[in-house]
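# Observations on the three-dimensional arrangement
The lines below spell out each chain.
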Amino acid sequence: MPHPDPDRAEVAVVGAGPAGLAAAVTAADAGLDVLLIDAADAPGGQYYRAPAPGLGAGRPEALHHGWGTFTALTARLDRHRATGRVRHLTGHQVWAVTRTGEDWTLHALTGPDGGDGAAPRARRLVIATGAVERQLPFPGWTLPGVVGAAGAQAMLKSGLVLPGRRVVVAGSGPLLQAVALSLARAGARVPALVEAAGYGAYARAPLTLAANPGRLAEGVRHRAGLARYGVRMLTHRAVTAVHGTERVEGVTVSRIDRAWRPVPGTGRRIDCDALAVGHGLVPQLDLALGLGCATRTGTDGSAVLEVDARLRTTVPGVWAVGETGGVGGVQLALSEGELAALSVIADARGGRVPARAGTLRRRRRRMRGFAGLMGTVHRPGPAWTGWLDPDTEVCRCEEVTVGAVRTAVAELGAGDTRTAKLLTRAGMGWCQGRTCGFAVRALTAPPDTDAPPDRRPLACPVPLAALARAARDEGE
Amino acid sequence: MRRARRRDPARTPSGLAGAAPGPAFDITFDGRPVPALPGQSVAAALWAASVLSWRTTRVNGRPRGAFCGIGSCFECLATVNGRPNLRACLLPARPGDAVTTQEGNGHAAPRP
């Protein structure tokens, strides 16, 4: 069916992960004209990342949890794609959203090296950009073989590869259990899962736990799986050193106190050839911040988008779903995607909000409660910087050491990340502080300061030619 | 009969996912052949061959490879077929691709 205006839609959804998929198909079910735009070649986001088609995976569900939910969503997506109700732009990385009259213009890069562009428009915008992994540096974390925990998971899901044969998993947050289990099931030996927090802290919120039996059951299932594969679970501990010259040969795991300060003399070496490490996830907010959406500080200390009960941001015409409102997991993302779509439908078509919205709102409140608890339990303790050496690199791109940042603070008067960046180049490299931002902030601001989020005018690296093209189009 | 608890030595990512990939092909890493499966990224093919590092840093010349796995950290920059600064974790491997260790920013003139 030819579309009346191929470059315009009633609603655009940025991100085809669980939240974005749920939003797109729900809106399309109600007859809305939907644009689903995503950087990947296939729907699913990072959570439902699937092996590349060429790998011929006969059991992709073996790498996932809740695969049936995903295939049901993609079946609905396929039906809507066939009728033209959903236009799914794959391989489109949105780098900025701007206002054009009553519409939002989504500036996107396309093509194998981002050399081409597209600028579709939509009346309403749903931001479903997900989250990225939070990294805290430690001595040796730049050695090959040290990889992100979510990174190892992503490489396993898409490329069916492991970073090593004997892989220690470390950091903080429930994601680590899923990663350790995936690596073990795929054939890696996982000698230990090193968790900086303690799971006992969950027990101090019995009502929240009781309201989320699914999460409890998931925890029990993970623990049983880890035990089956001989993965030792070490809590209140952190990797405080990595050994090896050209690649990882082992790690030192030390006990840490409640503030995450290493306890001297408690270090124990574990031999391994890779370390998968991450300290939870943080919302990916570049597009939303560029639009001026307000944020607040989540319980884990990271900036999250401010949304109302209908998932509207503070910018009219912009909704936000899933991890962008605070990291809370796949079930929450699915519910919020659907709930936001009902709100978008009401906005576009008027009429009564269906009873389904009430169910989703209650479910959301319950799961947001658990997400808040999770953030509190795994929030990095203020004294984690105690495991750093002066020559530990904090900014990997520009190779800026902890010592250099501390000198900028103590001797040159840098009291914020921006000044530290100008004095040391920390956060000025390829990744634009996406990897080191949290750590640099911890080294420059007093502990537990809730600093405003990083603002970047471009959500990803953009070739100058694409910028010039966008400027020319705006001028027309 | 009680079955002994043991690790299956044949357990692999491909085995777990029931993969029946198309025929493997070769890319090269610093001149030496490395097998790749259709659909794998350059980084995945290198990991499968136990290669974890394929560039050296600009300032200290330290080895680096893939870290975030999703294109956000830029640690996996590689020189492929002479073109530097490509993110190996996002780049699909193609038959005959020549990956060479990238030194610094990848734009140093080759020495005569």
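Below is a summary of the structure that appears in this document. This is a predicted model, so every value here is computed, not measured.

### Thoughts on the packing of helix α3 (residues 149-159) of chain A against helix α4 (residues 175-185) of chain A
All names here are of chain A.
- Interaxial distance between α3 and α4 falls to 10 Å at its minimum, and their mutual angle equals 40°. Classified by the angle their axes make, α3 and α4 are oblique. The interaxial crossing formed by α3 with α4 has left-handed handedness. Residues Ala149, Ala150, Ala152, Gln153 and Leu156 of α3 lie in contact with α4, whose contacting residues are Leu175, Leu176, Ala178, Val179, Ser182 and Leu183.
- Grouping the amino acids of the contact of α3 with α4 by side-chain chemistry returns 9 nonpolar, 2 polar and no charged.

### Focus: the environment of Arg268 of chain A
Residue and element names in this part refer to chain A.
- Mapped onto the elements of the fold, Arg268 is located in strand β15 (residues 268-271).
- Along the chain, Arg268 and Leu209 lie 59 residues apart, while their C-alpha atoms are 33 Å from each other.
- Ignoring anything within four residues of it in the chain, the contact list for Arg268 reads Arg232, Val251, Thr252 and Val253.

### Focus on the side chain of Ser182 of chain A
- Secondary-structure assignment places Ser182 of chain A in helix α4.
- Not counting residues within four places of it along the chain, the set of residues in contact with Ser182 of chain A comprises Gln153 and Leu156 of chain A.

### Considering the pairing of strand β2 (residues 34-37) of chain A
Residues and elements named next belong to chain A.
- The alternating pattern of β2 places Val34 and Leu36 and Leu35 and Ile37 on opposite faces, both of which are buried.
- Relative to β2, strand β1 (residues 8-14) runs parallel, the two being bridged by 4 bridges. Among the inter-strand pairings, Ala12 is bridged to a residue of β2, identified as Leu35.
- Following the chain from β1 across helix α1 (residues 18-29) to the adjacent parallel β2, one finds a crossover that is right-handed.

### A short note on the pattern of salt bridges
Residue and element names in this part refer to chain A.
- This structure, assessed with the given rule, holds 22 salt bridges over all chains.
- Between Arg87 and Asp33 there is a salt bridge; the shortest N-O distance is 3.1 Å. Here the residue Arg87 occupies a position in strand β3 (residues 86-89), and Asp33 occupies one in the loop between α1 and β2, the gap between them amounting to 54 residues.
- Judged by its relative accessible area of 14%, Arg87 is buried.
- The salt bridge partner of Glu102 is Arg123, with a shortest N-O separation of 3.7 Å.

Criteria and thresholds
- Residues numbered from 1 in each chain as written.
- Chains lettered and ligands numbered in written order.
- Predicted model: local features only at pLDDT ≥ 70, side-chain atom pairs only at ≥ 80, totals over all residues.
- Heavy atoms only, no water.
- Axes fitted to C-alpha atoms, helices over the stretch in contact; angles between N-to-C directions.
- Helix = DSSP H or I, 4+ residues; strand = E, 2+ residues; numbered from the N terminus.
- Parallel < 35°, antiparallel > 145°, perpendicular 65-115°, else oblique.
- Left-handed = near helix turned anticlockwise from the far one by under 90°.
- Contact = heavy atoms within 4.5 Å.
- Nonpolar A, V, L, I, M, F, W, Y, C, P; charged D, E, K, R; others polar.
- Buried < 20%, exposed > 50% of the residue type's maximum accessible area, 1.4 Å probe, protein only.
- Pairing = 2+ DSSP bridges.
- Right-handed = clockwise from strand over helix to strand, strands pointing away.
- Salt bridge = Lys/Arg side-chain N within 4 Å of Asp/Glu carboxyl O.

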